Amino acid sequence: MLLHILNRSPASSRVPFDALRAMGDDDRLLLLEDGVYGAVAPLAETFAAIRGRVFVLKEDLVSRGLEHRQAETMELVDMQGFVALTEQAIQTVSWY
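Residues numbered from 1 in each chain as written. Predicted model: local features only at pLDDT ≥ 70, side-chain atom pairs only at ≥ 80, totals over all residues. Heavy atoms only, no water.

A. Local environment of the nonpolar core. Residues Leu6, Leu29, Leu31, Phe47, Val54, Val56 and Met74 are the most contacted members of the largest nonpolar core, which totals 19 residues. Mapped onto this core, the elements with two or more residues apiece are helix 1 (15–22), strand 2 (28–31) and strand 3 (54–57). Filtering out sequence-adjacent residues up to four positions away, Met74 remains in contact with Leu31, Gly38, Ala39, Ala44, Phe47, Val54 and Val56. Core analysis: the next-biggest nonpolar cluster, separate from the first, contains 10 residues, Ile5, Leu32, Val77 and Ala89 among them. (Core = buried A, V, L, I, M, F, W, Y, C linked by side-chain atoms within 4.5 Å. Buried < 20%, exposed > 50% of the residue type's maximum accessible area, 1.4 Å probe, protein only. Helix = DSSP H or I, 4+ residues; strand = E, 2+ residues; numbered from the N terminus. Contact = heavy atoms within 4.5 Å.)

B. Just the pattern of salt bridges, in detail. In the structure shown here, the tally under the stated rule is three salt bridges. A salt bridge links Arg21 to Asp18, with the shortest nitrogen-to-oxygen separation between them at 2.3 Å. One end of the pair is Arg21 and the other is Asp18, both in helix 1 and three residues apart, which spans about a single turn. A relative accessible area of 58% means that Arg21 is categorised as exposed. The partner of Asp34 in a salt bridge is Arg64, and the shortest N-O contact between them spans 3.1 Å. Pair noted here: Asp34 is in the loop between strand 2 and strand 3 and Arg64 is in the loop between helix 2 (58–63) and strand 4 (75–77), with a separation of 30 residues, a long-range link. The class of Asp34 is partly exposed, set by a relative accessible area of 36%. (Salt bridge = Lys/Arg side-chain N within 4 Å of Asp/Glu carboxyl O.)

C. Summary view of helix 3 (residues 79–88). Turning to helix 3, its buried residues are Gly81, Phe82 and Leu85. Taken around the axis of helix 3, the buried residues stretch over an arc of 105°, which confines them to a single face. Exposed positions of helix 3 whose direction lies more than 90 degrees from the buried face are Gln80 and Glu87. As for helix 3, its buried residues are in contact with strand 1 (2–6), strand 2, strand 3 and strand 4. (Arc of directions from axis to C-beta.)

D. Representation of the pairing of strand 1 in the model. Of all five residues in strand 1, four are buried; the element is thus mostly enclosed. In the sheet, strand 1 pairs with strand 5 (residues 91–95) via five bridges, with the strands oriented parallel. Bridge pairing in strand 5 places Leu3 opposite Thr92. Sheet analysis places strand 1 next to strand 2, joined by four bridges and oriented parallel. Of the residues in strand 2, the one forming a bridge with His4 is Leu29. Crossover strand 1 to strand 2 through helix 1 is right-handed. (Pairing = 2+ DSSP bridges. Right-handed = clockwise from strand over helix to strand, strands pointing away.)

E. Structural detail: helix 1. For helix 1, the full list of buried residues reads Val15, Pro16 and Ala19. Angularly, the buried residues of helix 1 cover 100° about the axis, an arc narrow enough to put them on a single face. Looking at the packing, one finds that the buried side of helix 1 touches strand 1 and strand 5.

The analysis is restricted to geometry; functional conclusions fall outside its scope.
What follows is the structure, encoded as structure tokens:
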């Protein structure tokens, strides 16, 4: 399992779509920094195909005033959860 880390909003570039194409069936995606905008409708639909494998860094969501607005299909994680995801992955891939 790979952990893909996305720090860009789906509204600002093609990078999120490249990340989705590169993901395997067991891979997970973590949205952080401006990537957390992808957790809020209508941008959250970008990640509908990988439902249940998308995680959102809570601290970044809160810092942008988006708390409680994330899609229900996305799991919030704190920094400890971020560390746990990286420990579970055999490799991480960062998308900028």
